[in-house]
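Spelled out, the chains give:
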Amino acid sequence: MDRRIEKLSTLLTADCRVCVLTGAGISAESGIPTFRDAQTGLWAQYRPEDLATPQAFERNPPLVWRWYRERRARVLEVEPNPGHRALVELAARVGALTLVTQNVDGLHQRAGSRGVIELHGNLSRSICHRTLKPVPEDYLAATPGEPPPSPHHRDGLVRPDVVWFGELLRGDVLERAFAAAHACDVFFSIGTSAVVEPAASLALAARESGAHIVEVNRDVTPLSRQADTVLKGPAGEILPRLVAAL
Ligand code: OAD
């Protein structure tokens, strides 16, 4: 592992363009459950079709609202971990770093990362379920209801600003993520099972454009065989070691 980290560190020079994709695994060491862990993963305990689809919300808005409110409260109780912080440090050492995340927990931003591209939205924001217009926090605080009615549409309700199964990602967000993947010299896939599209295709886009692909993961994923460097283990240990080697 030390030799692989050392070799990788020689690529991460002051003019290197880096693109990083993160998934739930980077927040695991902060105490946030991942989705696909066989025991503790959210999708081992709940059915996504009951909680994370537009149909689920239409069917039972209070159930979905309360589930997301609990997840939101949980995220506020935890702190970014050394993996999140190492990415802030890495951004300061290389030419440019674009951080793309599938996570909705906001922990990268709390660690100090700037310009984070959030593919799947953010738990801390809310939108109208009819118009998808943003709903301000002070409106939420002042308006009762589980969920409260939307301020933008007579038949609308407030919902979390996250992407649900069956929904399209925002076009401009996706475009920026793919542009960064195509333009980078080194692409990191960190703490993601690399199975959910279109995020999983970012690594392939980077590879097509000639980038060096690095995977940091506790386990093997479909990307592992195609990665140029595989660093197997917890992101909160590996990323600080990598940054220390620069
Ligand atoms: P998953 O739960 O699918 O995968 C988490 C990955 O992190 C797995 O490959 C684990 O092996 C790895 N992992 C766990 N702990 C780790 C650690 N400490 N260090 C490094 N790796 C670790 O989560 P995602 O890939 O993020 O989408 O899932 C992608 C999307 O599927 C999510 O954004 C969510 C979900 O359904 C939506 O809600 C739209």
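Residues numbered from 1 in each chain as written. Predicted model: local features only at pLDDT ≥ 70, side-chain atom pairs only at ≥ 80, totals over all residues. Heavy atoms only, no water.

1. Some words on the overall build of the chain
(1) Moving on: Helix and strand content of the chain: 12 helices and 9 strands.
(2) Moving on: The C-alpha radius of gyration computed for the chain amounts to 19 Å, which stays within 12% of the reference 18 Å derived for 246 residues, consistent with globular compactness.
(3) Moving on: Once the C-alpha set of the chain is aligned to its principal axes, its extents read approximately 60 × 35 × 30 Å.
(4) Moving on: Expressed as a percentage of contacts within the chain between residues at least 6 apart in sequence, the contacts between residues at least 24 apart total 66%. (Helix = DSSP H or I, 4+ residues; strand = E, 2+ residues; numbered from the N terminus. Rg over C-alpha atoms; globule rule 2.2 N^0.38 Å. Contact = heavy atoms within 4.5 Å.)

2. As for the pairing of strand S9 (residues 229–232)
(1) Moving on: Side-chain alternation along S9 places Thr229 and Leu231 on a buried face and Val230 and Lys232 on a face that remains uncovered.
(2) Moving on: Relative to S9, strand S8 (residues 212–217) runs parallel, the two sharing 4 bridges. Bridging across to S9, valine 214 finds its partner in threonine 229. (Buried < 20%, exposed > 50% of the residue type's maximum accessible area, 1.4 Å probe, protein only. Pairing = 2+ DSSP bridges.)

3. Notes on the environment of serine 201
(1) Moving on: Take serine 201: it is sitting in helix H11 (residues 200–208).
(2) Moving on: Classification of serine 201 as partly exposed rests on a relative accessible area of 24%.
(3) Moving on: Each C-alpha atom, one on serine 201 and one on alanine 181, is 9.5 Å from the other, the two residues being 20 residues apart in sequence.

4. Considerations on the packing of aromatic side chains
(1) Moving on: Summed over all chains, the structure comprises 7 aromatic pairs.
(2) Moving on: Between the aromatic rings of tryptophan 43 and tryptophan 67, the centroid separation amounts to 6.0 Å while the plane-to-plane angle is 25°, which identifies the pairing as stacked. Here the residue tryptophan 43 occupies a position in helix H3 (residues 42–45), and tryptophan 67 occupies one in helix H6 (residues 61–77), the gap between them amounting to 24 residues. The exposure classification of tryptophan 43 matches that of tryptophan 67, with both residues buried.
(3) Moving on: Here phenylalanine 57 and tryptophan 164 contribute two aromatic rings whose centre-to-centre distance is 5.6 Å and whose plane-to-plane angle is 35°, an arrangement assigned as tilted. (Phe/Tyr/Trp six-rings, centres within 6.5 Å; stacked < 30°, edge-to-face > 60°.)

5. A short note on the side chain of arginine 159
(1) Moving on: Assignment of secondary structure puts arginine 159 in strand S6 (residues 158–162).
(2) Moving on: Given the relative accessible area of 3%, arginine 159 is considered buried.
(3) Moving on: Polar side-chain contacts of arginine 159 include one of 2.8 Å to the side chain of glutamate 167. (Polar contact = N/O pair within 3.5 Å; in protein donor to acceptor, adjacent residues only side chain to side chain.)

6. Here's the deal with the nonpolar core
(1) Moving on: With 25 residues, the main nonpolar core has Leu12, Val18, Phe188, Ile190 and Val216 as its most contacted residues.
(2) Moving on: It is helix H12 (residues 235–244) that provides the largest number of residues to this core, a total of 5 residues.
(3) Moving on: If you look at the next biggest cluster of nonpolar residues, it comprises 22 residues, including Leu169, Ala180, Ala194 and Ala206. (Core = buried A, V, L, I, M, F, W, Y, C linked by side-chain atoms within 4.5 Å.)

7. Observations concerning the environment of glutamate 6
(1) Moving on: Along the polypeptide, glutamate 6 turns up in helix H1 (residues 2–11).
(2) Moving on: Glutamate 6 sits in the exposed class, given a relative accessible area of 55%.

8. Considerations on the site of the ligand
(1) Moving on: Around the ligand lies a shell of 23 residues, among which Phe35, Arg36, Thr192, Ser193 and Asn217 are the nearest.
(2) Moving on: Within the side chain of serine 193, an N or O atom sits 2.5 Å from an oxygen atom of the ligand.
(3) Moving on: In the complex, 93% of the free accessible area of the ligand, which totals 800 Å², lies under the protein chains.
(4) Moving on: The site holding the ligand turns out to be the largest pocket.
(5) Moving on: Residues that form the shell around the ligand fall into these classes: 9 nonpolar, 10 polar and 4 charged. (Near = heavy atom within 4 Å. Areas by Shrake-Rupley, 256 points an atom, 1.4 Å probe, with all protein chains shown as cover. 1 Å grid on protein atoms, 1.4 Å probe; cavity = no way out; pocket = protein on both sides within 12 Å on 5 of 7 lines; lining within 4 Å. Sits in = over half its atoms within 2 Å of the grid points. Nonpolar A, V, L, I, M, F, W, Y, C, P; charged D, E, K, R; others polar.)

9. Quick notes on the sheet that holds S8
(1) Moving on: Strand order in the open sheet made by the 6 strands is S3-S2-S1-S7-S8-S9, with parallel pairing throughout. In this open sheet, the two edge strands, each paired with only one partner strand, are strand S3 (117–118) and S9.
(2) Moving on: In the packing of H1 onto the sheet, contacts are made with strand S7 (186–190), S8 and S9, and the angle to S9 comes to roughly 130°. (Axes fitted to C-alpha atoms, helices over the stretch in contact; angles between N-to-C directions.)

10. Quick word on the layout of surface pockets
(1) Moving on: Considered as a void within the structure, the largest pocket measures approximately 1,100 Å³ in volume.
(2) Moving on: As for the largest pocket, its lining consists of 49 residues, of which Ala24, Pro33, Thr34, Phe35 and Arg36 are closest to the centre.
(3) Moving on: Secondary structure elements with two or more residues in the lining of the largest pocket: helix H2 (25–28), H3, H6 and S8.
(4) Moving on: Examining the composition of the lining of the largest pocket, we find that 6 residues originate from one element, H6, more than from any other.
(5) Moving on: For the lining of the largest pocket, the residue count by class is 24 nonpolar, 14 polar and 11 charged. (Points joined across faces, edges and corners; volume = space filled by probe spheres on them.)

11. So, the pattern of salt bridges
A side chain of one charge can pair with a side chain of the opposite charge if their charged atoms are brought near each other.
(1) Moving on: Scanning the model with the defined rule gives 15 salt bridges in all.
(2) Moving on: In this structure, aspartate 172 and arginine 170 form a salt bridge, with 2.8 Å as the shortest nitrogen-oxygen distance.
(3) Moving on: Here the residues in one salt-bridge network are Asp37, Arg218 and Asp219, joined through shared partners. (Salt bridge = Lys/Arg side-chain N within 4 Å of Asp/Glu carboxyl O.)

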